[in-house]
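What follows is each chain in one-letter form.
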Amino acid sequence: MKKTYPFDKIEPKWQKYWSNKDLFKMDPDSKKPKYYCLMMFPYPSAALHVGHGRNYIIGDVVARYKIMKGFNVLAPMGWDAFGLPAENAAIQDNSHPKKSTMKNIATMKKQLFEWGIGYDWDREITSCFPDYYRWTQWLFLKLYQRGLCYRKKAAVNWCPSCQTVLANEQVIEGRCERCEALVVEKDLEQWFFKITDYAERLLNDLRLLECWPERVKIMQKNWLGKREGVEIFFPVVGGKQELLSCFTTRVDTIYGVTYMVLAPEHPAIESLIKDAGNKDKIDKFIKDIRLQNKAERLSLEVEKVGMFIDRYVINPMTGEKIPLWIANYVLMEYGTGAVMAVPAHDQRDFEFAKKYNLPIKVVIDNPKNPLDAVLMTEAYIEDGIMTASGQFTGLPNRVAMQKITDYMQKRKIGRRTIHYRLRDWLISRQRYWGAPIPIVYCRSCGIVPVPDRELPVLLPEGVRFRPQGKSPLETQKDFLNTVCPRCKGPARREVDTMDTFVDSSWYFLRYLSPDDNKRAFDSRLVNKWLPVDQYIGGVEHAILHLLYARFITKVLYDLDLINFQEPFKALFTQGMIIKNGAKMSKSKGNVVSPDKLISSYGADTVRVYTLFIGPPEKDAEWNDKGVEGAYRFLGRVWRMVGQILNSKSQILPRSSGQANPKIQELRRKTHQTIKKVSDDMEGDFHFNTAISAIMELVNEIYKFQTDKTQPCPLYSETVKEAIRIVVILLSPFAPHLAEELWQMLGNKPSIFRTPWPSYDPAILKQKEITIVIQINGRLKQRLKFDADVKDSDLKAAALEDEKIKDWIKDRPVKKIVVVPKKLVNIVV
Ligand SMILES: [Zn+2]
Ligand SMILES: [Zn+2]
């Protein structure tokens, strides 16, 4: 590739300049309006590839643009530095996670610098440093004091290979998200944050998030999974007033219940089966199911297996005896762990009933095509008319639903209730590389929180952290053994560490006062700077990270520490960059490193290509050839400026070109481009169309410069203005080149201290054109229109014209032919 401009000289020069001149340093005393532009802080797990780059480049473009628009911009960067990736990598390389983490941070910082991405590095935070995790521990204690943090034995997902607990959402199709090993279930004492207390608010406040992508809000809504229904109490036959409660959204099908299924984990099972004749068989069955993966158990493809446990419950509406089963397709996590099975009206129940020969009873009939339980091949799940349902027979089922609920409420056999799919947030990890949980266990005082003044609970460095099925910190005796803060007696430290999602649930507050050693954040500053104006990151964090950050923000609000309830006003989730049809990953061998591309084409080319590749919210395929296209374009801009600088002729004043229609046209194009690029910057970040608008303007300038029919076209003031605008509009995308050209054109750097240009709406208007109106091919009228007039408007205007109306009179119009921007012919 021929070198078209000296990017290798230009780029380091300006990178140094911006850094020396503190271009990206937020000014705390500025009177300008604030703009908080935040990128999700990354795991420092490896060197960045071009797919990662998209995120940071988008953020950098927004920050530069906002600086030019006159905002006091805060664009910080930090490191989500604890967690499994670093620990697993360290195990693999036989090093320490701290060492590899610090090395990775240095690599990534260098890469970001070479990309020309600017941050206020004075505010850098690193979540694995004690000066940060001290405050993560403080946050834990705040939740603990407020009753939002508790410990309990829980069946958890256990990855036998990573030797750790995984959250449900880290289990993908039954396998560990990190290592793809099959996940099993295990009972462990765990710490939880009570996020379920906030389910309703997390759902309702989604309405406040107008500048979030709709699909992210839908994902959060589904994750919260609000369901309104009825909890029904079924008395156990032979039990002493024992009740099994069961949640349903379809109380209208209560007369069709033919069996009940419990989750094998249901706490009542132990006592229900203690006298069962086949207890051994039931026990073994339960054990087998618990080895199955939960996600698999829920999937439609997996075979449903169950077992009758020799007990019955009573249907409280009919008094009927109903057999009690256990089955793999019912989980404790959803509803109450008990399902009233209505095989006629639920597909899973239907399949199960067919397999085990359980009765099927139609209670909602299809009004168009009456149902026969014997002939049914699938469940009827639509609405219909109640049948075989006692006093409710004959009602539409939706009406009956309300009446049955009222009836149950009155007799206390059921109650209206709301269920959420959301579970409490399991925050403890049996791993080394995380913030220690600030709790001690004392023989006499029990669970004792570490007092604030004793924070941080330091993570010891010389620990054998290779997984051994228990928390590595347990092997570190001088960490484990401590004194009770309350009674000074011997005590033992909690050895689990916190989920990294706790670290990232509040980091955006710390950027405002990263060195404060008195408090986690400065309420006055965060109240001024938050919510974040623009948050940018991958859609893979659409659910958990964002939900946890929203939750913690609401807790801090309730604690009166902040005055806003949502942390991120606007959210942008960029699509992935793929190569050869797949997500870039080391294992697939399709990773494109930015380093080599930057050394052959320069960072500006990589930036422009990354943005030009497609709408940024969509996935896009990386193409090395496309990089060359971006490179040629930037070379062209370089030559265009050189040409005007090298010309010896005088620049004509604008007035001399005023009458020249081609000059008018170029001015119009220039102002149209300002409008187009500005709109894209403010809207959906469609930088691809912004860049192509700049390319069009460059084409126009070239056409103009090479047009021999014009008098001295090259030196017109209008051409000079157009070139100046190109350089400014290009500056957020190709900042180094723009900065250099700006200086070459005789301006003082930095171009980013220049106000973003505005357009003149009067110039935008297209010149007028004259359209000929014919009737049956004969000229009848001439009308004037804007040059960009649409065919449909031409037609309408022709038919509305008084003179034409007179000509047509009452004759029916047979046909209208439009020659765009020329003529309308009406055939009568
Ligand atoms: Zn794993
Ligand atoms: Zn004690």
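Residues numbered from 1 in each chain as written. Chains lettered and ligands numbered in written order. Predicted model: local features only at pLDDT ≥ 70, side-chain atom pairs only at ≥ 80, totals over all residues. Heavy atoms only, no water.

Another aspect to go through is the overall build of the protein. The secondary structure content of the protein amounts to 28 helices and 34 strands. Taking the principal axes of its C-alpha atoms as reference, the protein extends roughly 105 × 85 × 50 Å. Across the 828 residues of the protein, 55% fall into the buried class. Put simply, 73% of the contacts in the protein that link residues at least 6 apart link residues at least 24 apart. Accessible surface, the protein: about 37,500 Å² in total, of which carbon and sulfur atoms supply 51%. (Helix = DSSP H or I, 4+ residues; strand = E, 2+ residues; numbered from the N terminus. Buried < 20%, exposed > 50% of the residue type's maximum accessible area, 1.4 Å probe, protein only. Contact = heavy atoms within 4.5 Å. Areas by Shrake-Rupley, 256 points an atom, 1.4 Å probe, with all protein chains shown as cover.)

Turning our eyes to something else, we now look at unusual backbone geometry. Between leucine 455 and the following residue, proline 456, the backbone shows a cis peptide bond with an omega angle of 0°. Note that the residue after proline 749, namely serine 750, is joined by a cis bond; omega there is 5°. With respect to the helices and strands, the residue serine 750 is situated in the loop between α25 (735-744) and α26 (761-764). Not every positive phi belongs to a glycine, and glutamine 241 is a case in point at roughly 55°.

Okay, the sheet that holds strand β29 (residues 582-583) next. In space, the three strands of this open sheet follow the order β29-β28-β30, with mixed pairing throughout. Both edges of this open sheet fall to β29 and β30 (620-621), since each of them pairs with a single strand only. Pairing geometry for strand β28 (residues 577-579) and β30, over two bridges, is parallel. Paired with isoleucine 577 across the strands is alanine 620, a residue of β30. (Pairing = 2+ DSSP bridges.)

All right, on to the coordination of the zinc ion (ligand 1) then. Ligation of the zinc ion (ligand 1) by protein atoms is provided by Cys159 (SG), Cys162 (SG), Cys176 (SG) and Cys179 (SG), these donors lying 2.2 to 2.4 Å from the ion. With four donor atoms in place around the zinc ion (ligand 1) and angles of 102 to 114° between them, the coordination shape is tetrahedral. As a motif over one chain, the donors of the zinc ion (ligand 1) read C-x2-C-x13-C-x2-C. Judged by its relative accessible area of 2%, cysteine 176 is buried. (Donors = N, O, S within 2.8 Å, 3.2 Å for Na, K, Ca; no water. Tetrahedral: all angles 85-135°; square planar, octahedral: opposite > 155°, others 65-115°.)

Our next topic: the pairing of strand β33 (residues 815-819). Direction of pairing for β33 relative to strand β34 (residues 823-827): antiparallel, over a ladder of five bridges. What sits directly across from valine 817, in β34, is asparagine 825. Connecting the antiparallel pair β33 and β34 is a turn made up of three residues, with lysine 821 showing a positive phi of about 60°.

Below, the discussion takes up the sheet that holds strand β9 (residues 184-193). Read across the open sheet, the four strands follow the order β6-β5-β9-β19; overall the sheet is antiparallel. Across the chains shown, the open sheet's two edge strands, defined by having one partner strand only, are β6 (164-166) and β19 (425-426). Judged from the ten bridges that link them, strand β5 (residues 149-159) and β9 form a sheet pairing that is antiparallel. For tryptophan 158, the partnering residue across the bridge sits in β9 and is valine 184. Lying on the sheet, helix α5 (residues 130-145) is in contact with β5 and β9; it crosses β9 at an angle near 85°. (Axes fitted to C-alpha atoms, helices over the stretch in contact; angles between N-to-C directions.)

Here threonine 553 lies in helix α17 (residues 544-558). Contact partners of threonine 553, with chain neighbours within four places excluded, come to Phe508, Ile562, Phe564, Gln565, Glu566 and Pro567.

On to the coordination of the zinc ion (ligand 2). Looking at the zinc ion (ligand 2), one finds its protein donor set to be Cys442 (SG), Cys445 (SG), Cys484 (SG) and Cys487 (SG), positioned 2.2 to 2.3 Å from the metal centre. Given four donor atoms and angles of 103 to 113° at the metal, the environment of the zinc ion (ligand 2) is assigned as tetrahedral. The sequence pattern describing where the donors of the zinc ion (ligand 2) fall on their chain is C-x2-C-x38-C-x2-C. Take cysteine 487: its relative accessible area is 37%, and that puts it in the partly exposed class.

This next bit is on the confidence of the model for the protein. The pLDDT averaged across the protein works out to 90; a share of 96% of its residues lies at or above 70. Counted against residues more than four places away or in other chains, residues 652-657, with its pLDDT under 50, gives eleven contacts. (pLDDT = per-residue confidence, 0-100.)

A word on the packing of aromatic side chains. Aromatic rings in a pair are described by how distant their centres are and how their planes are angled relative to each other. On inspection of all chains with the given rule, the structure shows 45 aromatic pairs. For the pair phenylalanine 685 and phenylalanine 687, a centre-to-centre distance of 5.5 Å together with 20° between the ring planes defines the contact as stacked. Like phenylalanine 685, the residue phenylalanine 687 is buried in the burial classification. Its guanidinium or amino end placed over the ring of tryptophan 121, lysine 109 lies 4.8 Å from that ring's centre, counting from NZ or CZ. For arginine 421, the ring lying beneath its charged end belongs to tryptophan 223, and the centroid distance is 4.6 Å. (Phe/Tyr/Trp six-rings, centres within 6.5 Å; stacked < 30°, edge-to-face > 60°. Lys NZ or Arg CZ within 6 Å of the ring centre and 35° of its normal.)

On to helix α19 (residues 603-612), then. Of all ten residues in α19, nine are buried; the element is thus mostly enclosed. Listed in full, the buried residues belonging to α19 are Ala603, Asp604, Thr605, Val606, Arg607, Val608, Tyr609, Thr610 and Leu611.

We now examine the packing of α5 against α17. Each pair of packed helices can be summarised by the angle the axes make with each other and by the distance between the axes. Between α5 and α17, the least distance of the axes is 11 Å, while the angle of their chain directions is 65°. Between α5 and α17 lies a crossing whose hand is left-handed. Each of Trp138, Leu139 and Leu143 in α5 lies in contact with α17, whose residues at this interface are Phe551, Ile552, Val555 and Leu556. A class-by-class count of the residues in the contact of α5 with α17 yields seven nonpolar, no polar and no charged. (Left-handed = near helix turned anticlockwise from the far one by under 90°. Nonpolar A, V, L, I, M, F, W, Y, C, P; charged D, E, K, R; others polar.)

Here we take up helix α18 (residues 594-601). Of all the residues in α18, the buried ones are Pro594, Leu597, Ile598 and Tyr601. Angularly, the buried residues of α18 cover 100° about the axis, an arc narrow enough to put them on a single face. α18 presents Lys596 and Ser599 as exposed residues on the side facing more than 90 degrees away from its buried surface. Contact partners of the buried residues in α18: α1 (7-20), α2 (50-68), α4 (97-114), α19 and α20 (624-646). Its side-chain oxygen 3.1 Å from the backbone nitrogen of aspartate 595, serine 593 forms the N-cap of α18. Among the residues trailing α18, glycine 602 stands out with phi positive, at a value near 95°. (Arc of directions from axis to C-beta. Polar contact = N/O pair within 3.5 Å; in protein donor to acceptor, adjacent residues only side chain to side chain.)

Following the criterion strictly, the structure yields 38 salt bridges and no others. One salt bridge in this structure joins arginine 123 and aspartate 120, with 3.0 Å as the shortest N-O distance. Per residue, the accessibility class of arginine 123 equals that of aspartate 120, and both read buried. The closest approach of N and O atoms between aspartate 499 and arginine 429, which form a salt bridge, is 3.2 Å. Placement of aspartate 499 in the loop between β25 (497-498) and α14 (500-503) and of arginine 429 in strand β20 (residues 428-429) is noted, with a sequence separation of 70 residues between them. By relative accessible area, aspartate 499 is classed as buried at 4%. One salt-bridge network, held together by shared partners, links Asp205, Arg550, Lys554 and Glu566. (Salt bridge = Lys/Arg side-chain N within 4 Å of Asp/Glu carboxyl O.)

Along the polypeptide, valine 789 turns up in the loop between β32 (778-786) and α27 (791-800). Spatially, the C-alpha atoms of valine 789 and lysine 821 are 7.2 Å apart, while their sequence positions differ by 32 residues. Residues in contact with valine 789, not counting those within four places in the same chain, are Ile769, Leu794 and Lys821.

All right, on to the state of the cysteines then. The final tally for this structure, using the stated rule, is zero disulfides. For cysteine 128, which is in no disulfide, the shortest distance to another cysteine sulfur is to cysteine 162 and amounts to 20 Å. (Disulfide = S-S within 2.5 Å.)

What follows deals with the environment of threonine 718. You can see threonine 718 is positioned in helix α24 (residues 717-730). Note on threonine 718: relative accessible area 1%, which makes it buried. Sequence-wise, threonine 718 and phenylalanine 113 are 605 residues apart; in three dimensions their C-alpha atoms are separated by 36 Å.

The next thing to look at is the nonpolar core. Counting residues in each nonpolar core, the largest one holds 186 residues, and the members touching the most others are Trp622 and Phe733. Counting residues per element, this core draws most heavily on helix α23 (residues 687-705), at eleven residues. Among all residues touching phenylalanine 733, those that are not within four sequence positions of it are Val61, Asp604, Arg607, Val608, Leu611, Val677, Met681, Phe687, Ala690, Ile691 and Ile694. Formed by 59 residues, the second largest nonpolar core is a distinct cluster that contains Val257, Ile286, Val363 and Ala400. (Core = buried A, V, L, I, M, F, W, Y, C linked by side-chain atoms within 4.5 Å.)

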